Amino acid sequence: MHVNNKLFALDIGTRSVVGIILEEADGHYEAVDIMVREHKERSMLDGQIHDVLSVSEIITEIKEALEVSHGPLTKVCVAAAGRALKTEQSKVAVDISGKPMFSKQDILHLELSAVQQAQAAVAGEKNNEHHYYCVGYSVLYYQLDGEGIGSLIDQRGNEASVEIIATFLPKVVVESLLAALDRAGLEMDALTLEPIAAINVLIPASMRRLNVALVDIGAGTSDIALTDSGTVIAYGMVPVAGDEITEAVSDEFLLDFPLAEKAKRDLLVNQSITITDILGFETEVSKDEAVERIAPAIDRLAGTIGEEILKLNGNKPPKAVMLVGGGSLTPDLPRRLAAMLNLPENRVAIRGLDAINSVSFAAHITKGPELVTPIGIAIAAKQSPVQYHTVHVNGQPVRLFEVNKLTVGDCLLAAGIKMNKLYGRPGLAKIVSLNGKNVTIPGKHGQQPVLLKNGIPCSFDDQVDGGDQLTVQKGEDGVRPELTLGDLIGDLPSKMVIINGQRYEVSAKMTCNNLPASMSKPVEDRDEIIFEMPDTIESILKELNLAEMLNDTRPFLIKIDGIQHKVTEFMGKMFVNGLEAKLQTKIDHLDNIRFEKGKKPTLRRLVEKLGVPATESMPIFFNGQQFQLEQELIQFSRGGTKLGMNERIHSGDLLTTKQKNVQPFIFQDLFNFVQFEIPTDSRGFTLLKNGEKAGFDDRLAPGDELNITFENPMVLK
């Protein structure tokens, strides 16, 4: 099996420096040695090197100690401090109306414009104190006309936009790191970023669709990275970490800082610790008591980290939180952080080296979360190295700092070329009035910039190497639009509609500056164009001289004793493609309009609809057949003429009512509802009610059985 050269990596932290030796074989790594040295003085502050000499001495100690077992070490993989990273979101939109299609180069130009806008925002926040490099960006989403879309390539619309999240690093961070390595006799083999290192080994790309937070808790700072939707969405840092807990132990038990640090570490493995305070008193303290006494400091650490996670994650908790780094071993921290984020306790966990599948460890190496970042640095620095390059843009040297591959677009950003100025300006627009509304006709789009790499045409995403010569020329400006009324409107439109089964064609009419105009007339600036197409049921019927069809759809209004009533049951209905419609319903080509008359307006239907008790009825049986006897309770009149219940009424009628003197139903009322013939040879008849003889004035009750018998049979109509 072929074994690659040993990888030497350093994790230069606020409290200590960790050196690690890895061997690679066929894509698998083995950690063969690890060495940790603490800083002798405060030479690091929040992960930034403040004393290059002191830090280089610690690096030299680790280097020389490891060389005893592993031979000369001349190159090393390192990471830039994650807490120095600055993350910025930016959104840029561009007008694409009239543009043939949106190309890949257009999208890259749009993305780079957003990155440059974010870069300006970062520099502005720092008052240009540091020169910031863009070390990577991710597209959060594309939009077309305000709606999210997966890809803008070959799309057409009015406006395209992109929102990105970009990460920047100040130049001084890398410069101080290079200086410390140089003094220790080491050459930078590869450079990565601390959050990238931890994420690459713990959260592979396949897991980044999940909204997960990774927190690397060191001594002085806690670095935070968040993933979601397949990418890293944010980096952050809080200046609170393990030292906060050490100081709490020191304050509670009167210990100097080194003894407090030892006591804190002893709490991780022992149920009780013995401490000697600065007055010389020796005390044994249980783990539970110690944790309770430093609980406020643990809560502050959990609260500060939790607040930053929420801020970076849009004020909502992530699905899970992974803790690494020595500070993650703070007693009871995972439980308190879970409570602060309102997460189940099993969604916040400490992740150690056992979570890294592609790495094995020598027997003498103790696996712990504090070693995740050093391992990640060694692997990520090889897999995703950050490198310096010098290229020339329009003859000027530009020094760049890149994570994966360096592109033409990266070089233009670093050279300070304004990306939003590279495309040619669009031509002057024409403004016309169309049906009373101003319409802007944009000029022709400007051309793409001319990009050359070493004299050969290239694109924004082409890769560059050190020493390449780039030339960029602004694209040509667009021209004023030239078009006709036909170009503006299209063919003079017409539409076919179907009304009660018959086809009709409706055409539009057009004028320009109050004069009839043809479709070939050129459009001039400030033209007033009137273009009207009947588009509602009402306007179409008027255009076709069929307005009388609307009569049955008018409101049916009638007054009874001076009170007006609207009866929709008597109104006709309109339907468009089978759905009920109104006069202002929009009509499209080949729409089917159908009119349906309302119910016949009779007085009986009117009183039934209004719920007026105008009649009284009673069911009886005559010769075995059921009949309904009915008498009016209210007499309706129109213009002094009495109305029967079955008479027709009209919209606009004025009706009056009069209560009638109602009498009980008697046998004689039957003859108003039953017709029969009396046999010419009949010699007499008998009235029967429920089988008994009755008279014409006998009162009736519901359900009575009535009969008339003759000596000869009677024929019922």
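Look a little higher up for the structure.
This write-up is about the structure you can find in this document. Throughout, a residue's number is its position along its own chain's written sequence, starting from 1. Selection of residues for local features in this predicted model requires a pLDDT of at least 70, selection of side-chain atom pairs for listing and counting requires 80 or more, and totals for whole chains, interfaces and linings are taken over all residues. The basis for every side-chain value is the complete set of heavy atoms in the structure, and neither hydrogens nor water enter the calculation.

The pairing criterion is simple: DSSP has to find at least two bridges between the two strands. Only DSSP runs of H or I with at least four residues qualify as helices, and only runs of E with at least two residues qualify as strands; both kinds are numbered from the N terminus onward. Spatially, S23-S22-S31-S29-S30 is the arrangement adopted by the five strands of the open sheet, whose pairing is mixed. Of all strands in the sheet, those with a lone pairing partner are strand S23 (437-441) and strand S30 (515-516), marking the two edges. Direction of pairing for strand S29 (residues 509-512) relative to strand S31 (residues 528-532): antiparallel, over a ladder of four bridges. Counterpart to Met-510 in the pairing with S31 is Phe-531.

Another aspect to go through is the sheet that holds strand S17 (residues 320-324). Sheet architecture is open: five strands sit in the order S14-S13-S12-S17-S18, paired in mixed fashion. Since the sheet does not close on itself, it has two edges, and those belong to strand S14 (231-238) and strand S18 (348-350), each with one partner. Each adjacent strand pair in this sheet contributes to an overall mean axis angle of 20°, direction not counted. Of the strand pairs in this sheet, strand S12 (residues 212-217) and strand S13 (residues 222-228) are connected by six bridges, and their pairing is antiparallel. Note on definitions: angles span 0 to 180 degrees between N-to-C directions of axes, and those axes are lines fitted to C-alpha atoms, for helices only across the stretch in contact.

Only buried residues count toward a nonpolar core, which is a set of Ala, Val, Leu, Ile, Met, Phe, Trp, Tyr and Cys residues joined through side-chain atoms within 4.5 Å. Partly exposed describes any residue whose relative accessible area lies between the buried limit of under 20% and the exposed limit of over 50%, with all areas from a 1.4 Å probe on protein chains only and scaled to the type maximum. The biggest cluster of nonpolar side chains holds 41 residues, and the ones touching the most others in it are Val-215, Ile-305, Ile-309, Val-321 and Leu-337. It is helix H8 (residues 295-312) that provides the largest number of residues to this core, a total of eight residues. Discounting chain neighbours no more than four positions away, the residues touching Ile-309 are Ala-213, Val-215, Ile-224, Leu-226, Pro-318, Val-321 and Leu-341. Core analysis: the second largest hydrophobic core is formed by 36 residues, Ile-20, Ile-34, Ala-79 and Ile-365 among them. Whether two residues are in contact is decided by their heavy atoms: any pair within 4.5 Å suffices.

In this section: a negative patch on the surface. Each patch is built from salt-bridge-free residues with over 30% relative accessible area, joining like charges within 9 Å and nonpolar side chains (Val, Leu, Ile, Met, Phe, Trp, Tyr) within 5 Å. Throughout, the Shrake-Rupley method with a 1.4 Å probe supplies accessible areas, and for residues the shown protein chains are the sole cover considered. Basic side-chain nitrogens of Lys or Arg form a salt bridge, by our definition, when they fall within 4 Å of a carboxyl oxygen of Asp or Glu. Under the counting rule used here, the positive set is Lys and Arg, the negative set is Asp and Glu, and His together with the chain ends is not counted. By convention, charge coordinates are those of NZ in Lys, CZ in Arg, CG in Asp, or CD in Glu. A contiguous patch of negative charge on the surface is contributed by Asp-95, Asp-145, Glu-147 and Glu-159. For Glu-147, the position within the fold is in strand S9 (residues 147-149).

On to the pairing of S31. Here S31 shows a buried face lined by Ile-529 and Phe-531 and an unburied face lined by Glu-528, Ile-530 and Glu-532. Bridging between strand S22 (residues 430-434) and S31 involves two bridges; their strand directions are parallel. For Leu-434, the partnering residue across the bridge sits in S31 and is Ile-529.

Aromatic pairs are defined between Phe, Tyr and Trp rings, using the six-membered ring for Trp, whenever the two ring centres lie within 6.5 Å; interplanar angles under 30 degrees are classed as stacked, those over 60 as edge-to-face, and all others as tilted. As enumerated under the stated definition, the model contains two aromatic pairs in all. Centre to centre, the rings of Phe-667 and Phe-671 are 6.4 Å apart; their planes meet at 35°, and the pair counts as tilted. Classification of Phe-667 by relative accessible area gives buried; the value is 0%. Classification of Phe-671 as partly exposed rests on a relative accessible area of 26%. One aromatic cluster is present, built from ring pairs that chain together Phe-667, Phe-671 and Phe-696.

Okay, the packing of helix H5 (residues 242-253) against helix H6 (residues 257-266) next. At their nearest, the axes of H5 and H6 sit 8 Å apart, and the two run at 105° to each other. Here H5 lies roughly perpendicular to H6, going by the angle between them. Note on element contacts: H6 touches H5 through Phe-257, Ala-260, Glu-261, Ala-263 and Lys-264, opposite Gly-242, Asp-243, Ile-245, Thr-246, Glu-247, Val-249 and Ser-250. When describing relative orientation, an angle under 35 degrees is termed roughly parallel and one over 145 degrees roughly antiparallel, while 65 to 115 degrees is termed roughly perpendicular and anything else oblique.

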